Amino acid sequence: MSNHLDLKKGLDIPVKGVAAREVAKTVKPGTIAVKPTDFKGFLPRLLVKEGDRVLAGSPVMADKQNPRILVTSPVSGTVSGIVRGEKRKLLAVLVQADAGQTYADFGTKVPADADAVKDLLLKTGLWNALIQRPYGIQADPDLKPKAIFVSTFSTAPLAADTEFTLGDRLADIQAGVNALGKLTDGGVHLAVNKAVYSSSPFHKVENVIAHEVSGKHPAGNVGVQISHIAPIQKGETVWTMPVLMVAALGHVINTGKLDLTRKVAVTGPVATHPAYVVALPGTPVKEITDIPADARVIGGDVLTGENLGADGCLGFFQDQVTLLHEGTEREWFGWAKPFRPKVHSSSWCYFSWLTPGKKYDMDTNLHGGPRAFVETKCFEDVTPMDIFPIYLIKACLAGDIEKMEKFGIYEVLPEDLALCDYVDPSKNDIQAIIQKGIDLMIKEMA
Amino acid sequence: MADEKKPGLFEEGGKLYWLHSTIDAFDTFLRVPGTVTAKGAHVRDGIDLKRVMIMVVIALVPAALFGMYNVGLQTSLTYGLDWNFWHMFWYGLLRMLPLFVVSYVVGLVIEFGSSQIRGEEVNEGYLVTGFLIPLIVPVDVPLWMLALAVAFSVIFVKEVFGGTGMNIWNPALVARAFLFFSYPSSMSGSSVWVSKTWVSALKDVDAVSAATPLAIAHDGGVSALTSQYSFMDMFYGFIPGSTGETSVIAILIGALILVWTGVASWKIMVSSIAGGLLVGWLGQIGGATDLPCYYQLVMGGFLFGSVFMATDPVTAAQTETGKWIYGFLVGALAVVVRLWNPGYMEGMMLAILFMNTMAPLIDHCVVTAHVNRRAKKVKTA
């Protein structure tokens, strides 16, 4: 018996370059980067030095505030370098992988209670995969969340098809979900894509509160699902975990080995061969795909992804690489042309509505200059949550804690309002504004 | 490339960098900027404010074109000139052209200057304001008055608040209100609505009284009105009045464009008309007027205001529920002023300006109610 959640608002951005459902290649691990910057709120203290041997699953860094929280190496090998940035900020630990992988043994005993689960998560470094809301920060091991939410699908543009990437790992997901269920009294809520519910392997997962969710993006966002299923109020916490990480957790329980290998969707209009590539987090993007000159390499999707750069490495959470053309060309009379067939607009001021199925060669051009907010309804149309986006955004700009609370700052992360970035005719960076508001909340409410 | 060696004339560090707002404005008017996304979403929608604003201007074109023809028509009728359609249209076009030129030149000079001072890009809002103002004033308004009103409105209603997007009142309406209160003799009465300035140069004419339907109905009721103008005259727009406001058909074409493109809120338009009809009907059964309530919609600036002025996304209510309330009160108040005000028969301008003032309060109530409801819902859940 599952619950239904049908969302009307939202927008699927029609960008070209969906990954074909085939594995194009498997990247043999070479030099892998372990990046503390993948984890929000993690202050790294190094546990290894150059030349040290590590196993897949051995700790590489610990959190300065909470030393129990570890970041572990996804491969076995030798620490070959420590990369630091400005003010000696630790950016990455490089591990030269061995030819054959050896794994740290975490045992195959099914964790019996909450403490055992926590212990396992902390030891394997998978604690970092738990995200705490409000604020989207590192989960606090001393808290008991109201509930845990897992979304088994993503509606983000060109996102990896979880049915293809994880459909064969049902046993791992089940073991992971069973373990997570011990951490909360509220149960594990599992959102399944309604459109493919009966064919989806995820509806077979047991011991969960299942929800069939339908709608355009951001219906697959766990934040949007939470806001409809169990809105977060002041003082409450919920945890979320990406389904990819639930599978990794289950894999540890089933086999005793930490294996973060994943199918990465290589997507985007300038990707030469959009398909899936099997790789570990920390793999240089160059090894995953050919990168055309002047392409922007995004770890993740076009709305919320991280600009990795051509020399960047895949992040801990990322199972998608999107390649976009940098849109620095200037179009004559762009805004004044009656027809602009190459540019998509969700607004009916252009004629994109005439070609609803068309996919676009999108680039990174801003298509305008930054202005004060003028339109208001466009944000509401793409935000399927019970909030007033424009008021929340303005409260964040004003740094007004009380109003941010009232207008729903506890329920959102920047990713939930990412579409506002896209549709805004005034070209404001809404996600950055929301993140600033969240950072202020963390600082003031601590 | 030259710009790698040293900054160009208008680039940062260049000699004329201080003019960059102005240069950017012309540059981005011609070509979409080559800026790429730095933060947030990596791809963006093709829409920008230039496109939004030009949509409003396009929606105004039918009303403007008809208005030009009607300027000629009214002059021709009033002074017994034997003009054909093109005479009338050309006369109206040539009469209106100086108004547009003055409105745009004065407004844009101030807009550019303010953007220079703020160091920001020039905003597109004035594209619409500059087009609206000539359409809502009598065609014979002296150009210096118009220039003064535009300057007042752009400086004190828009720029001091920080430019487009920050203003509280609709700048075009404030320009009209400025004229109305400063120079009432050029803005009201029965002799200002038909263009005679140029005709009087050719022919010896006296100021001829050509009262608007509103004024006729105000003084003589429905019988006086229908003896002069039929309902369909008013619907088509063959009546004296401000240039843009007379033709219901032209305004409805504009409304269709605005609603279709989503630039203006249909909720405000519909609720404003509902408010006007309701009060008009109450006035009729209460004995304040013998006009059927639907006459309120075709007379004066009611429909033009509901479609083009009340819907300004900056000054209207921002919440969807708020838009219903705001629109309804605009329509209702406009007709209240028409029916229960002995001196001044057109209420639309002041109704919208008053509701512009009240819009934040409406939104505040809507948002507070929503916040409370949400809190309650969570508590009971």
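Preceding this paragraph is the structure being described.
On a predicted model such as this, the values are computed, not experimentally measured, just so you know.

Participant: Go over the overall build of chain B, please, and point to the residues and values.
Facilitator: Counting secondary structure elements, chain B contains 17 helices and zero strands. Within chain B, the fraction of its 381 residues that count as buried is 57%. Restricting the contact set of chain B to residue pairs at least 6 apart, pairs at least 24 apart contribute 72%. Just so you have it, chain B exposes about 15,900 Å², and 69% of that area is on carbon and sulfur atoms.

Participant: Which residues make up the side chain of Gln138(A), and what values go with them?
Facilitator: You can see Gln138(A) is positioned in strand 11 (residues 137–138). Apart from residues lying up to four places away in sequence, Gln138(A) is in contact with Lys40(A), Gly41(A), Phe42(A), Asp63(A), Ile69(A), Asn128(A), Leu130(A) and Gln132(A).

Participant: Could you give me a rundown of the nonpolar core, with the residues and numbers involved?
Facilitator: Counting residues in each nonpolar core, the largest one holds 174 residues, and the members touching the most others are Phe304(B) and Tyr326(B). Per-element accounting of this core gives the leading share, 15 residues, to helix 3 (residues 49–78) of chain B. Each residue touching Phe304(B), except ones within four places of it in the same chain, is listed here: Leu60(B), Ala63(B), Leu132(B), Leu135(B), Ile136(B), Gly244(B), Glu245(B), Ile251(B) and Met309(B). Val34(A), Val75(A), Val177(A) and Leu180(A) belong to the second-largest nonpolar core, a separate cluster that totals 56 residues.

Participant: I'd like a description of the sheet that holds strand 5 (residues 53–54) of chain A, backed by residues and values.
Facilitator: Residues and elements named next belong to chain A. With antiparallel pairing, four strands are arranged side by side in an open sheet as 3-9-8-5. What marks the edges here is a single partner per strand, and that holds for strand 3 (31–34) and strand 5. As judged from the two bridges shared by strand 5 and strand 8 (residues 77–84), these two strands associate in the antiparallel manner. Across the sheet, residue Arg53 finds its bridge partner in strand 8, namely Thr78.

Participant: Could you give me a rundown of the pairing of strand 14 (residues 209–214) of chain A, with the residues and numbers involved?
Facilitator: All names here are of chain A. Extensive coverage of strand 14 is indicated by the burial of five of its six residues. Summarising the sheet, strand 1 (residues 3–6) and strand 14 pair through four bridges and their orientation is parallel. Each bridged residue has a counterpart across the sheet, and for Asn3 the counterpart in strand 14 is His211. Relative to strand 14, strand 13 (residues 188–193) runs parallel, the two sharing five bridges. Residue His189 lies in a different strand from strand 14, and its bridge partner there is Ile209.

Participant: Any chance you could break down the pattern of salt bridges for me, citing the residues and the numbers?
Facilitator: Considering all chains together, one arrives at 33 salt bridges over all chains under this definition. Between Asp439(A) and Lys40(A) there is a salt bridge, with its nearest N and O atoms 3.5 Å apart. One end of the pair, Asp439(A), is in helix 11 (residues 430–445); the other, Lys40(A), is in the loop between strand 3 and strand 4 (44–46), with 399 residues separating them in the sequence. Residue classification places Asp439(A) among the partly exposed positions, given a relative accessible area of 35%. Residue class for Lys40(A) comes out partly exposed when judged on its relative accessible area of 38%. The partner of Glu411(A) in a salt bridge is Arg374(B), with the nearest N and O atoms 2.8 Å apart. Here Arg374(B) lies in helix 17 (residues 348–380) and Glu411(A) lies in the loop between helix 9 (401–406) and helix 10 (418–423), a pairing that spans two chains.

Participant: Which residues make up unusual backbone geometry, and what are the values?
Facilitator: Residues and elements named next belong to chain A. The omega torsion across Arg133 and Pro134 is 0°, close enough to zero to call that bond cis. Position of Pro134 relative to the elements: it lies in the loop between strand 10 (131–133) and strand 11. His217 connects to Pro218 through a cis peptide bond whose omega is 10°. Considering the arrangement of structural elements, one finds Pro218 in the loop between strand 14 and helix 4 (222–229). One non-glycine residue with positive phi stands out, namely Arg88, at about 55°. Assignment of secondary structure puts Arg88 in the loop between strand 8 and strand 9 (90–97).

Participant: Describe the packing of aromatic side chains, naming the residues involved and giving the relevant values.
Facilitator: On inspection of all chains with the given rule, the structure shows 42 aromatic pairs over all chains. Summarising the aromatic geometry, the rings of Phe164(A) and Tyr276(A) are spaced 4.7 Å apart at their centres and angled 50° between planes, so their arrangement reads as tilted. Of this pair, Phe164(A) sits in helix 2 (residues 162–166) while Tyr276(A) sits in strand 17 (residues 275–279), and the two are 112 residues apart along the sequence. For the pair Trp83(B) and Tyr91(B), a centre-to-centre distance of 5.0 Å together with 45° between the ring planes defines the contact as tilted.

Participant: Please give an account of a positive patch on the surface that cites residues and values.
Facilitator: Residues and elements named next belong to chain A. There is a patch of like positive charges on the surface, built from Arg45, Lys64, Arg84 and Arg88. Of note, Arg45 is situated in strand 4. With a relative accessible area of 39%, Arg45 lands in the partly exposed category.

Participant: I'd love a proper account of the sheet that holds strand 18 (residues 295–299) of chain A, names of residues and values included.
Facilitator: Residue and element names in this part refer to chain A. Pairing is mixed in the open sheet, where six strands are placed in the order 2-17-16-20-18-19. Whereas interior strands pair on both sides, the edge strands pair on one side only; in this sheet they are strand 2 (20–26) and strand 19 (306–307). Bridge count between strand 16 (residues 262–267) and strand 17: four bridges; the pairing is antiparallel. If you follow Val264 over to strand 17, its bridge partner there is Val277.

Participant: Can you tell me about the packing of helix 3 of chain B against helix 5 (residues 125–135) of chain B, naming the residues and giving the values?
Facilitator: All names here are of chain B. Two elements in contact, helix 3 and helix 5, have axes separated by 8 Å at closest approach and are oriented at 15°. Considered as vectors, helix 3 and helix 5 are oriented roughly parallel to each other. Regarding helix 3 and helix 5, the two cross each other, and that crossing is left-handed. Across the interface between the two elements, Met53, Val56, Val57, Leu60, Val61 and Ala64 from helix 3 touch Gly125, Leu127, Val128, Phe131, Leu132 and Leu135 from helix 5.

Participant: An account of the side chain of Thr37(B) is requested, with residue identities and associated values reported.
Facilitator: Here Thr37(B) shows up in the loop between helix 2 (20–30) and helix 3. In terms of polar contacts, Thr37(B) uses its side chain to reach the backbone carbonyl oxygen of His42(B), at 3.0 Å. Among all residues touching Thr37(B), those that are not within four sequence positions of it are Arg296(A), Thr364(A), Leu366(A), His42(B) and Arg44(B).

Participant: Describe the interface of chain A and chain B, and please don't skip the residues or the numbers.
Facilitator: Contacts between chain A and chain B engage 71 residues on the former and 54 residues on the latter. Where chain A touches chain B, the interface holds five salt bridges. Mapped onto the side of chain A that touches chain B, the elements with two or more residues apiece are strand 18, strand 19, helix 7 (377–381), helix 8 (389–398), helix 10 and helix 11 of chain A. When its residues are assigned to classes, the side of chain A that touches chain B shows 30 nonpolar, 20 polar and 21 charged.

Participant: With reference to specific residues and values, describe helix 4 of chain A.
Facilitator: Residue and element names in this part refer to chain A. Of all eight residues making up helix 4, six are buried, and the element is well covered by its neighbours. Of the residues making up helix 4, those classed as buried are Val222, Gly223, Val224, Gln225, Ile226 and Ser227. Where the residues of helix 4 are buried, they touch strand 1, strand 10, strand 12 (148–151), strand 13, strand 14 and strand 15 (238–240).

Participant: Which residues make up the pairing of strand 18 of chain A, and what values do they have?
Facilitator: All names here are of chain A. In terms of burial, strand 18 is a largely internal element, five of the five residues being buried. Across the two faces of strand 18 the burial is the same, with Ala295, Val297 and Gly299 and Arg296 and Ile298 all buried. Where strand 18 lies against strand 20 (residues 320–325), five bridges are found, and the strand directions are antiparallel. Bridge pairing in strand 20 links Ala295 to His325. Taken together, the two bridges between strand 18 and strand 19 define a ladder with antiparallel strand orientation.

Participant: An account of the environment of Leu97(B) is needed here, citing residue identities and associated values.
Facilitator: Residue placement: Leu97(B) occurs in helix 4 (residues 85–118). Residues Leu97(B) and Trp83(B) lie 14 residues apart in sequence; the distance between their C-alpha atoms is 20 Å.

Participant: Residue-level account of helix 13 (residues 266–286) of chain B, with values.
Facilitator: Residue and element names in this part refer to chain B. In this model helix 13 runs 30 Å from its N-terminal to its C-terminal C-alpha over 21 residues, within 8% of the 30 Å that 1.5 Å per residue would give. Buried within helix 13 we find Lys267, Ile268, Met269, Ser271, Ser272, Gly275, Gly276, Val279, Gly280 and Gly283. Between the side-chain oxygen at the start of helix 13 and the backbone nitrogen of Lys267 there is a gap of 3.1 Å, and the oxygen is on Ser265.

Criteria and thresholds
Residues numbered from 1 in each chain as written. Chains lettered and ligands numbered in written order. Predicted model: local features only at pLDDT ≥ 70, side-chain atom pairs only at ≥ 80, totals over all residues. Heavy atoms only, no water. Helix = DSSP H or I, 4+ residues; strand = E, 2+ residues; numbered from the N terminus. Buried < 20%, exposed > 50% of the residue type's maximum accessible area, 1.4 Å probe, protein only. Contact = heavy atoms within 4.5 Å. Areas by Shrake-Rupley, 256 points an atom, 1.4 Å probe, with all protein chains shown as cover. Core = buried A, V, L, I, M, F, W, Y, C linked by side-chain atoms within 4.5 Å. Pairing = 2+ DSSP bridges. Salt bridge = Lys/Arg side-chain N within 4 Å of Asp/Glu carboxyl O. Phe/Tyr/Trp six-rings, centres within 6.5 Å; stacked < 30°, edge-to-face > 60°. Patch = residues over 30% accessible without salt bridge, like charges linked within 9 Å, V, L, I, M, F, W, Y side chains within 5 Å. Lys, Arg positive; Asp, Glu negative; His and termini not counted. Charge placed at Lys NZ, Arg CZ, Asp CG, Glu CD. Axes fitted to C-alpha atoms, helices over the stretch in contact; angles between N-to-C directions. Parallel < 35°, antiparallel > 145°, perpendicular 65-115°, else oblique. Left-handed = near helix turned anticlockwise from the far one by under 90°. Polar contact = N/O pair within 3.5 Å; in protein donor to acceptor, adjacent residues only side chain to side chain. Nonpolar A, V, L, I, M, F, W, Y, C, P; charged D, E, K, R; others polar. Expected span 1.5 Å × (residues − 1).

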